[in-house]
Amino acid sequence: MKSYRQELTFEVPARRAFINITEQVAEAVRRSGVREGLCLVNAMHITASVFINDDERGLHQDYDKWLEKLAPHEPVAQYRHNDTGEDNADAHMKRQIMGREVVVAVTKGRLDFGPWEQIFYGEFDGRRRKRVLVKIIGE
Amino acid sequence: MKSYRQELTFEVPARRAFINITEQVAEAVRRSGVREGLCLVNAMHITASVFINDDERGLHQDYDKWLEKLAPHEPVAQYRHNDTGEDNADAHMKRQIMGREVVVAVTKGRLDFGPWEQIFYGEFDGRRRKRVLVKIIGE
Amino acid sequence: MKSYRQELTFEVPARRAFINITEQVAEAVRRSGVREGLCLVNAMHITASVFINDDERGLHQDYDKWLEKLAPHEPVAQYRHNDTGEDNADAHMKRQIMGREVVVAVTKGRLDFGPWEQIFYGEFDGRRRKRVLVKIIGE
């Protein structure tokens, strides 16, 4: 069995953003030498997501508005987590909706994807350095 | 290490439906010959889900109503994604709530499940051919 | 390839609770002898979650309030699932928001975590015995 580990690093200048990381994950799969296996991609921070969906700007605007409706940032005083001095309680909720991680099949040395699947890093509390973990196992 | 790959195909006549695919996944596990490992089951399309829950008709009605409340289909013009000519922005949101994939343990050659766990394909934008990927690795 | 399986058991006296299970999962990783691989942790019951987030009491209060807003327990008669004699339809929904499972990388014999990642069992319909499955594969 082979295994391969790589970190991706992000420093998003805004509070929230969606970044397409498909090519970086595909490159990790190539480096791993794994032909058949599984590829885990997860946010290492708890106010960020990794998810798979469409690379379409309008959809990302919709996601942002929708998540803000389901878990509004303001007023920050509505959240007990923010009593600790943070203002990111909403980011912990948005991340639960969008998910921490994806697991993707590796087949014949490539990410085994449907026609529109793209991997995104979802940042909900940016303006600091954060990491994503790629772990690949297989043969 | 063994690996096994299979696609399941669906063409749901309605916009939305939940379909129990547990037996098809269990059959894939048997064919794989894997005794100990992991089984990934994921929607290959971004307006559909694979999730694990109860095979109970009333619950599925509740899910449908609840998802429609959290991410309504109408009015379609509320979503920027639909400016592209699509009318399925809501389906991209419903799929995030219900999830893209499940990972199930394989133990002694079988899906290692609790008493009520069943695997479902959740369709949120049907009336076309769609696929689910089953990927099994182990020994 | 090595594989290891362990069940964790919970009997939560309240309807809802969040329990930090990180140390129990870390102990399973040590017992497994796996140095490089993947660790699946999933609820075996369909009204419970396993998720990764922060071990902060205020945040857990926020999660509880937020989930109750998105999928209220009362009135129980609003859910068709509860026509079966159950009163836990809301728990099936809360579990979908928070997720069934996490997959964590195992690197150098340890859970490969970011600085604040902790694994939680989320109970949404307690007062009975329930189980969590830990399955580890790798080398």
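Fair warning: this is a prediction, and the values are worked out from it, not measured in the lab.

### Some points on the sheet that holds strand β1 (residues 2-11) of chain B
All names here are of chain B.
In step 1: With antiparallel pairing, the five strands of this open sheet are ordered in space as β1-β8-β3-β5-β6. Both edges of this open sheet fall to β1 and β6 (110-111), since each of them pairs with a single strand only.
In step 2: By the bridge criterion, two bridges tie strand β5 (residues 101-107) to β6 in an arrangement that is antiparallel. What sits directly across from Thr-107, in β6, is Arg-110.

### Quick notes on the interface of chain B and chain A
In step 1: The partner chain A presents 36 residues to the 30 residues of chain B that form the contact.
In step 2: At the boundary of chain B with chain A, total buried surface from both sides reaches about 2600 Å², with 59% on carbon and sulfur atoms.
In step 3: Of all residues in chain B, the largest losses of buried area upon contact with chain A belong to Met-1, Ile-46 and Gln-96 of chain B, amounting jointly to 23% of the total for that side.
In step 4: Between Arg-100 of chain B and Glu-117 of chain A there is a salt bridge, with the nearest N and O atoms lying 2.7 Å from each other.
In step 5: Our count for the contact surface shared by chain B and chain A stands at 16 residue pairs in polar contact (both at pLDDT 80 or more).
In step 6: Contributing elements (two or more residues each) for the side of chain B that touches chain A: β1, β3 (37-43), α3 (89-98), β5 and β8 (129-138) of chain B.
In step 7: Sorting elements by how many residues they give to the side of chain B that touches chain A places α3 of chain B first, with six residues.
In step 8: Its residues placed into classes, the side of chain B that touches chain A shows 15 nonpolar, eight polar and seven charged.

### Examining helix α3 (residues 89-98) of chain C
Residue and element names in this part refer to chain C.
In step 1: Among the ten residues in α3, ten count as buried, and that is most of the element.
In step 2: Buried within α3 are the following residues: Ala-89, Asp-90, Ala-91, His-92, Met-93, Lys-94, Arg-95, Gln-96, Ile-97 and Met-98.
In step 3: Taken from the residues just after α3, Gly-99 is the one with a positive phi, measuring 100°.

### Remarks on the packing of helix α2 (residues 57-70) of chain A against α3 of chain B
In step 1: Put simply, α2 of chain A and α3 of chain B touch, their axes get as near as 10 Å, and they point 55° apart. One finds that α2 of chain A runs oblique with respect to α3 of chain B. Handedness of the crossing formed by α2 of chain A with α3 of chain B: right-handed. Together, Leu-59, Asp-62, Tyr-63 and Trp-66 of chain A of α2 of chain A and Ala-89, His-92, Met-93, Gln-96 and Ile-97 of chain B of α3 of chain B make up the contact between the two elements.
In step 2: Grouping the amino acids of the contact of α2 of chain A with α3 of chain B by side-chain chemistry returns six nonpolar, two polar and one charged.

### Section: the nonpolar core
In step 1: Counting residues in each nonpolar core, the largest one holds 48 residues, and the members touching the most others are Trp-66 and Ile-97 of chain A, Trp-66 and Ile-97 of chain B together with Trp-66 and Ile-97 of chain C.
In step 2: Of all the elements in the fold, those that place two or more residues in this core are α2 and α3 (89-98) of chain A, α2 (57-70) and α3 of chain B together with α2 (57-70) and α3 of chain C.
In step 3: Ignoring sequence-local partners within four residues, the contact set of Trp-66 of chain C consists of Leu-70, Ala-71, Met-93 and Ile-97 of chain A together with Ile-97 and Met-98 of chain C.

### Description of the confidence of the model for chain A
In step 1: With 100% of its residues at a pLDDT of at least 70, chain A reaches an overall mean of 98.
In step 2: Here the predicted complex scores 0.99 on pTM and 0.98 on ipTM.

### Overview of the sheet that holds strand β4 (residues 48-53) of chain B
All names here are of chain B.
In step 1: The strand order β2-β7-β4 describes an open sheet built from three strands, whose pairing is antiparallel. In this open sheet, the two strands that pair with only one neighbour each are β2 (17-20) and β4. Strand-to-strand twist of the sheet, defined as the mean angle between neighbouring strand axes without regard to direction, takes the value 30°.

### As for the relation of the copies chain B and chain A
In step 1: The operation relating chain B to chain A is a screw motion whose rotation component is 120°, with 0.0 Å of axial translation and a residual RMSD of 0.0 Å. Overall, the copies show the geometry of a three-fold rotation axis. No C-alpha of chain B approaches the rotation axis more nearly than that of Ile-97 of chain B, which lies at 3.4 Å.

### Some remarks on the interface of chain C and chain B
In step 1: Across the boundary between the two partners, chain C contributes 30 residues, which contact 36 residues of chain B.
In step 2: Both faces combined, the contact of chain C with chain B buries some 2600 Å², and carbon together with sulfur accounts for 59% of it.
In step 3: Three residues stand out in chain C for area buried against chain B, namely Met-1, Ile-46 and Gln-96 of chain C, and they jointly supply 23% of the buried area on that side.
In step 4: Connecting chain C to chain B are three salt bridges.
In step 5: Across the salt bridge formed by Glu-36 of chain B and Lys-135 of chain C, the nearest N and O atoms sit 2.5 Å from each other.
In step 6: Contributions of two or more residues to the side of chain C that touches chain B are made by β1 (2-11), β3 (37-43), α3, β5 (101-107) and β8 (129-138) of chain C.

### What to know about helix α1 (residues 22-32) of chain B
All names here are of chain B.
In step 1: Along α1, the residues classified as buried are Thr-22, Val-25, Ala-26, Ala-28, Val-29 and Ser-32. Down the axis of α1, the smallest arc covering the buried residues is 155°, so these residues share one side.
In step 2: Gly-33 sits one or two positions beyond α1 and adopts a positive phi of about 75°.

### Structural notes on the pattern of salt bridges
In step 1: Applying the stated criterion across every chain yields a total of 54 salt bridges over all chains.
In step 2: Across the salt bridge formed by Arg-5 of chain B and Glu-7 of chain B, the nearest N and O atoms sit 2.9 Å from each other.
In step 3: Overall, the relative accessible area of 32% leaves Arg-5 of chain B in the partly exposed class.
In step 4: Here Asp-125 of chain C ties to Arg-15 of chain C by a salt bridge, and the two come within 3.7 Å at their closest N and O atoms. Pair noted here: Asp-125 of chain C is in the loop between β7 (118-123) and β8 and Arg-15 of chain C is in the loop between β1 and β2 (17-20), with a separation of 110 residues, a long-range link.

Here is what the cut-offs are and how they apply
- Residues numbered from 1 in each chain as written.
- Chains lettered and ligands numbered in written order.
- Predicted model: local features only at pLDDT ≥ 70, side-chain atom pairs only at ≥ 80, totals over all residues.
- Heavy atoms only, no water.
- Pairing = 2+ DSSP bridges.
- Helix = DSSP H or I, 4+ residues; strand = E, 2+ residues; numbered from the N terminus.
- Contact = heavy atoms within 4.5 Å.
- Buried area = accessible area lost by both parts, 1.4 Å probe.
- Salt bridge = Lys/Arg side-chain N within 4 Å of Asp/Glu carboxyl O.
- Polar contact = N/O pair within 3.5 Å; in protein donor to acceptor, adjacent residues only side chain to side chain.
- Nonpolar A, V, L, I, M, F, W, Y, C, P; charged D, E, K, R; others polar.
- Buried < 20%, exposed > 50% of the residue type's maximum accessible area, 1.4 Å probe, protein only.
- Axes fitted to C-alpha atoms, helices over the stretch in contact; angles between N-to-C directions.
- Parallel < 35°, antiparallel > 145°, perpendicular 65-115°, else oblique.
- Left-handed = near helix turned anticlockwise from the far one by under 90°.
- Core = buried A, V, L, I, M, F, W, Y, C linked by side-chain atoms within 4.5 Å.
- pLDDT = per-residue confidence, 0-100.
- Least-squares fit on C-alpha atoms with pLDDT ≥ 70 in both.
- Arc of directions from axis to C-beta.

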